[in-house]
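# What the coordinates show
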Amino acid sequence: MKIAILGKLNQATSYHDWYTCFHRQLREVPISEILITGGNTVLNRYVKHYAKSLAISVKEYHLDESTDLMQAKLHRNKCIVRDADLVAACVDEQLYAEKCDVRIVPSESTTEAIIINCKRRMNTIKTIRNIKEKKDIKREELITLEEEIALIKQIRQSPDDCEAEKQKLLLANRRFVRVIADRYANEKHQVEELVVEGNKGLLNAVIKYDETKGYKFISYAHYWIKEYIKEYLKNNSN
């Protein structure tokens, strides 16, 4: 999975603080490449050290100096978000965290993104996607982290007798599944049929997901959603 690591840290945030928060949330996510902005920032130095220790490649996106600075930053961020499977926005200031969705991820983007507040280690991750799209999601579709875990446990215990719970879980994650399906859709295979396969992958992830490890369900399910879609495309390539 390609992960874009963006954000802003000050000198008071140690590498250990950042590593502890970042690794706790994403330690089970298979990272193939890390995408960052150019420049010798505190965050970029930490990311490069982390990537080097795990032999993960790092790709830097630099500003186009021939254009207006604000436009150049926006274009750079759009490129990073477009190429990433997941955006991890690392911050250490509460005010910045609250406005992070505006500053880091372009408003028209549907890429899944999270905020990791390195100043408050016990904070759970905050999903930028939910900040942006909450006005577009019906109230009954929203579920809390606790409700999601409860649904997962119910489905796992009685997989053949939990259709209502399955539908609720699928509905809560429908936008995320659709974003992944969009990336694989083509003239032969429409988004809708790939969403069906992605949903199968999400439900398969329920069986294998271990909520005691502390990472978010959808971060784990991402792999299985993609695998089911790719397997479907492979089996229906002719």
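Note that the coordinates shown come from a computational prediction; the quantities given were computed from them, not determined experimentally. (Residues numbered from 1 in each chain as written. Predicted model: local features only at pLDDT ≥ 70, side-chain atom pairs only at ≥ 80, totals over all residues. Heavy atoms only, no water.)

Let us now look at the overall build of the chain. When its secondary structure is counted, the chain shows eleven helices and six strands. Per-residue burial over the chain gives 47% buried out of 238 residues. Within the chain, contacts between residues separated by at least 24 positions form 70% of all contacts whose residues are at least 6 apart in sequence. As presented, the chain carries roughly 13100 Å² of accessible surface, and 50% of it is formed by carbon and sulfur atoms. (Helix = DSSP H or I, 4+ residues; strand = E, 2+ residues; numbered from the N terminus. Buried < 20%, exposed > 50% of the residue type's maximum accessible area, 1.4 Å probe, protein only. Contact = heavy atoms within 4.5 Å. Areas by Shrake-Rupley, 256 points an atom, 1.4 Å probe, with all protein chains shown as cover.)

Tallied over the full model, the rule gives eleven aromatic pairs. In textbook terms, an aromatic cluster arises when at least three aromatic residues are bridged by ring pairs, as seen for Tyr 15, Trp 18, Tyr 19, Phe 22, Tyr 46 and Tyr 50. (Phe/Tyr/Trp six-rings, centres within 6.5 Å; stacked < 30°, edge-to-face > 60°.)

Before going further, it helps to examine helix H2 (residues 42–53). Given 3.6 residues per turn, any residue in an α-helix points the same way as the ones three and four places further on. Here H2 is twelve residues long and its end C-alpha atoms lie 17 Å apart, about the 16 Å a rise of 1.5 Å per residue gives. Regarding H2, the residues found buried are Val 42, Leu 43, Asn 44, Tyr 46, Val 47, Tyr 50 and Ala 51. Residues of H2 that are buried sit in contact with strand S1 (2–8), helix H1 (15–26), strand S2 (33–37), strand S3 (57–61) and strand S4 (86–91). Following H2 by one or two positions, Ala 55 adopts a phi angle in the positive range, close to 60 degrees. (Expected span 1.5 Å × (residues − 1).)

Further remarks concern the side chain of Glu 148. Within the element layout of this structure, Glu 148 appears in helix H7 (residues 145–157). The side chain of Glu 148 sits in the buried core without any salt bridge; Lys 216 is the nearest counter-charge, 6.4 Å away. Setting aside chain neighbours within four positions, we find Glu 148 in contact with Ile 143, Leu 169, Asn 173 and Phe 217. (Lys, Arg positive; Asp, Glu negative; His and termini not counted. Salt bridge = Lys/Arg side-chain N within 4 Å of Asp/Glu carboxyl O.)

A separate point is the nonpolar core. For soluble globular proteins, nonpolar side chains are generally found buried alongside one another. Residues Leu 169, Leu 202, Tyr 209, Phe 217, Ala 221, Ile 225 and Ile 229 are the most contacted members of the largest nonpolar core, which totals 27 residues. At eight residues, helix H11 (residues 217–235) tops the list of elements feeding residues into this core. Excluding residues that lie within four positions of it along the chain, Phe 217 makes contacts with Glu 148, Ile 152, Leu 169, Asn 173, Leu 202, Ala 205, Val 206 and Tyr 209. If you look at the next biggest cluster of nonpolar residues, it comprises 24 residues, including Ile 5, Ile 31, Val 42 and Leu 43. (Core = buried A, V, L, I, M, F, W, Y, C linked by side-chain atoms within 4.5 Å.)

Moving on: the side chain of His 222. Locating His 222 in the fold gives a position in helix H11. A relative accessible area of 2% places His 222 in the buried class.

Once that is clear, we can look at the pattern of salt bridges. Tallied over the entire structure, the rule returns ten salt bridges. Two residues, Lys 230 and Glu 227, come together in a salt bridge whose shortest N-O distance is 3.3 Å. Taken as a pair, Lys 230 and Glu 227 lie in helix H11 at a separation of three residues, close to a single helical turn. What makes Lys 230 partly exposed here is its relative accessible area of 36%. Judged by its relative accessible area of 29%, Glu 227 is partly exposed. Several salt bridges converge on common partners, so that one network encompasses Asp 85, Arg 183 and Lys 226.

What follows is about the confidence of the model for the chain. With 80% of its residues at a pLDDT of at least 70, the chain reaches an overall mean of 78. Across the chain, the element-wise mean pLDDT spans from 39 in helix H6 (residues 128–133) up to 93 in S3. Across residues 94–109 the pLDDT falls below 50, and counting only partners more than four positions away or on other chains, this stretch makes 36 contacts in the model. Note on residues 121–140: pLDDT under 50 across the span, and 43 contacts to partners over four residues away in sequence or across chains. (pLDDT = per-residue confidence, 0-100.)

For the rest of this paragraph, the subject is the packing of H1 against H2. Their axes nearest at 11 Å, the elements H1 and H2 cross at an angle of 65 degrees. The orientation of H1 relative to H2 falls into the category roughly perpendicular. As for how H1 packs across H2, the hand of that crossing is right-handed. Facing Tyr 15, Trp 18, Tyr 19, Phe 22 and His 23 of H1, the residues of H2 in contact are Leu 43, Tyr 46, Val 47, His 49 and Tyr 50. (Axes fitted to C-alpha atoms, helices over the stretch in contact; angles between N-to-C directions. Parallel < 35°, antiparallel > 145°, perpendicular 65-115°, else oblique. Left-handed = near helix turned anticlockwise from the far one by under 90°.)

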